[in-house]
Structures are given as C-alpha cells and as structure tokens.
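# Summary of the model geometry
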Amino acid sequence: MAGRDYDFLVVGAGLFGATFARIATDRGYRCMVVERREEAGGNIICDNIAGINVHRYGAHIFHTSDERVWNFVNKYVKFNRFTNSPVALCGGKVYNLPFNMNTFYQLWGCVTPAEAAAKLEDERREAVERMNAAGIASPRNLEEQALSLVGRDIYEKLIKGYTEKQWGRRCDELPAFIIRRLPVRLTYDNNYFNDLYQGIPEGGYNPLIERLLAGSDVVCGCDFFEDRDRLAASAGKIVFTGKIDRYFDYRFGKLEYRSVRFETEVLDMANYQGVAVVNYTEVQPEWTRIIEHKHFEAFGDKVYENPRTVVTREFSAEWHDGMEPFYPVNDERNTALYLRYKALADEENDVYFGGRLAEYKYYDMAPVIARAMELAEHIAR
C-alpha cells in the first residue's frame, strides 16, 4: 500500500463493519476491511455440519420493526418464516416463553386473561408487601425487581436459576436495572418478539456477509493492533468495531464482559427437542440453553428429511483475556469506565467507533445495522 489507498479502513468484519463497507462501497468509496479472525462474519458465522447450518456463536434470530433495515437485508438474502418460540425446562416440566397465557396455564391452570391477571396481581402484591414491611422503598437488586414484577413463583421457576448461571452471580447481587421490565402477555402468543419482521436467511448468514463485503478488500487473520500504524496510514478514515478499551491501550483499565462456551455435537436422530431453543432455568444442569439448529430452517415434516441433527449447549462463563467477549457488564463501575473511554473516542479525528465492543453495548442485529447505516450516512455521503 502506497499512501492512502483507501477512503475507509474498517476494523472488524462483523455485521457493523460489513454493513458500513457495503454502503460506503455503493457510494463509490474504497474500503479495506481487516478482521482478526480467519473468517469474516463476526458472531453470525455459520458452519455447515451434517447438512445443517449451525450458528457457531449461538442463536442469531433476525427481528425488527424497522422497515428500512428489513428492506436493506432483503436486498442481499431471502429470509424464511422462522418464528422464535422458545420454551423453558424446569423440574421436568416445559413452560412457554415469553410469559403468556400458555405459561400461566402451565403454572397455575389459568384459562382466561382475567384469571391470569388476578393471579399475577396476588403474586406481585405479596412481594411488594414484604418489601414494604422491610422498609424497602424500591427494588435494590435484580431479585427484588423480579419479585415486584412477576412474584415469587415465576421468579423461582423461570428467572432465578437461569439468571444466576448467565451472570455468574446471585440475583440479590445483581443490579435491578438488568430487568427493568419483564414481558407479560395475557394472550396465547408464543412468539418471543413483538417485531413486524422475523426470520433466518435461507442458507444461513454467511451469504449475507459475503454480499455485504463484496467490492471491499477484505483481509482476515489480520490483527489491527499488530500493524496499527501502517494500517491506519493506508486510509483517510477509520471505522473501528473492536474493543474500545484496547484501542486506547487500556489506559483506564479493562472493561468486563461475560463470555459463552459452546459444546456442539451431531446426534443420530432427526429431532432432539422439537424446538430451536430450550432454556434450562434451574441451577443444574450447568448449561443455560440448548440450541437445535435444524429448526431454524426446517419446518414441519422437513425436520425429518435429514436423519441427523446438531445441538449446541451454551455455558455462560466469566470473561478473561483470550476468550471471546460477548455481553458487557453494564454495572456502575463498567459504565463509568466506558464513559471515560467514550470521551477519548469523541476527541479522535477521523476515527469512528461502532458496534457492541466499540460502544460497550449489547446489540441485536437489526439495531447494529441501523447504527452502521446512520454512521455511513454521516461520513460516507
């Protein structure tokens, strides 16, 4: 590379970087995309195992009510009709998620919305009265918050164990804001999301990433920080999607994350659990959920066309160097630390930060795309 051969250097070939590169390239800009991993795609990479598209880094279900984002992705791939309807397993019994009339029937035998509303009110009242008796004006932690929202029965069966596995901490040690609200529906609706649009790309997410990156120069297996000066000098502007604290050499200390460990296996059966996602809400077993990948793309009798299936068990883990960072720990300490790094980022000239690691924020896929589109419209006019 001689001089500034590119208009934009995009650090990270995940969904944010790929979306930005697509828009910038379409507008006539030259983009170089560097990716630390050996493949582009970030956490939405899929592997084909036993003829099944396997979500390598956990279930990724596209959903949005943003028509602009939906139209954008549909220019590049066709989406199927997958609807996320997970279930929870507790005490050998199955409960529908999110909490809806099916759940309330399974828990309490409630048949009508009026019955369920009355039972929920009784459950909440008991929890609030206990807090009032103890002189607690407002929930101080996640446990008290959950109890005040849905009561003890739902909390102990469907929230407590799963949450403590997910975060590696007791619920009474977690901040209340993690579950400011819990979805409660007085309808027989098992669709986890309320969005207008939902589905999985036919053939998995890899074709989407390939088409978003077409026209850009993509270099995988390239760690930006190992050749930072040369790479930065190759482009007029940088779009950075990696860890914001590392960009600034951990000047104020390291941000914390939760990570996830995956155990994937091929089973000689056509249908293991009958649904894509099963949450395990008790402390044991150790995994938080099991994903059966074929249900993302095979519906009805088509499930049985492939005599094998692939399942992945997910184990939440404390993050440390060398592990993939998944979920930011947005407690007071980490939020304050991120804001210090953000202040430095705001002072950078021609360097723009976006995505879950650069913004230290949990993002679903559609908001990631919307944010990348917004940035592209701002700096790649």
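Residues numbered from 1 in each chain as written. Predicted model: local features only at pLDDT ≥ 70, side-chain atom pairs only at ≥ 80, totals over all residues. Heavy atoms only, no water.

## A short note on the overall build of the protein chain
Looking only at helices and strands, one finds ten helices and 16 strands in the protein chain. Here the C-alpha radius of gyration of the protein chain, 23 Å, is about what a compact globule of 381 residues would show, namely 21 Å. Along the first, second and third principal axes, the C-alpha atoms of the protein chain reach 70 × 55 × 35 Å. Per-residue burial for the protein chain yields a buried fraction of 52% across its 381 residues. Here the contacts in the protein chain between residues at least 6 apart in sequence split such that 74% fall between residues at least 24 apart. As presented, the protein chain carries roughly 17700 Å² of accessible surface, and 47% of it is formed by carbon and sulfur atoms. Within the protein chain, the 57 negative side-chain charges are centred at a point lying 1 Å from the centre of the 48 positive side-chain charges. (Helix = DSSP H or I, 4+ residues; strand = E, 2+ residues; numbered from the N terminus. Rg over C-alpha atoms; globule rule 2.2 N^0.38 Å. Buried < 20%, exposed > 50% of the residue type's maximum accessible area, 1.4 Å probe, protein only. Contact = heavy atoms within 4.5 Å. Areas by Shrake-Rupley, 256 points an atom, 1.4 Å probe, with all protein chains shown as cover. Lys, Arg positive; Asp, Glu negative; His and termini not counted. Charge placed at Lys NZ, Arg CZ, Asp CG, Glu CD.)

## Examining helix α9 (residues 332-347)
One turn of the α-helix equals 3.6 residues, which is why residues spaced by three or four share an orientation. The terminal C-alpha atoms of α9 lie 23 Å apart, and with 16 residues this matches the ideal 22 Å at 1.5 Å per residue to within 8%. Among the residues of α9, those classed as buried are N334, L337, Y338, Y341, L344 and A345. Considered in projection along α9, the buried side chains sweep an arc of 110 degrees and stay on one side of the axis. The exposed set on the far side of α9, more than 90 degrees from its buried face, consists of E332, L339, D346 and E347. Buried residues in α9 make contact with α8 (244-247) and β16 (351-353). (Expected span 1.5 Å × (residues − 1). Arc of directions from axis to C-beta.)

## Quick word on the sheet that holds β16
Strand order in the open sheet formed by five strands is β9-β2-β1-β10-β16, with parallel pairing between adjacent strands. Across the chains shown, the open sheet's two edge strands, defined by having one partner strand only, are β9 (217-220) and β16. The mean inter-strand angle of the sheet, taken between neighbouring strand axes irrespective of direction, is 20 degrees. In terms of strand pairing, strand β1 (residues 6-11) meets strand β10 (residues 235-240) through five bridges, oriented parallel. Within β10, the position partnered with F8 by the bridge is K237. (Pairing = 2+ DSSP bridges. Axes fitted to C-alpha atoms, helices over the stretch in contact; angles between N-to-C directions.)

## A short note on the packing of aromatic side chains
By convention here, two paired aromatic rings are described through the distance between centres and the angle between planes. Evaluated as defined, the whole model comprises 30 aromatic pairs. With centroids separated by 4.9 Å and ring planes inclined at 45 degrees, the aromatic side chains of W70 and F79 adopt a geometry described as tilted. Here W70 and F79 have matching classes, each one buried. Their ring planes at 5 degrees and their centres at 5.2 Å tell us that W70 and Y197 sit as a pair that is stacked. With a gap of 127 residues between them, W70 in helix α2 (residues 67-74) and Y197 in strand β8 (residues 197-199) connect regions that are remote in the sequence. Linked through ring pairs, F224, F225, F240, Y247, F248, F252, Y341 and F353 together constitute an aromatic cluster. Across from the ring centre of Y57, 4.3 Å away, lies the NZ or CZ of R37, which sits over that ring. The aromatic ring of F315 is capped on one face by R261, whose charged end is 4.1 Å from the ring centroid. (Phe/Tyr/Trp six-rings, centres within 6.5 Å; stacked < 30°, edge-to-face > 60°. Lys NZ or Arg CZ within 6 Å of the ring centre and 35° of its normal.)

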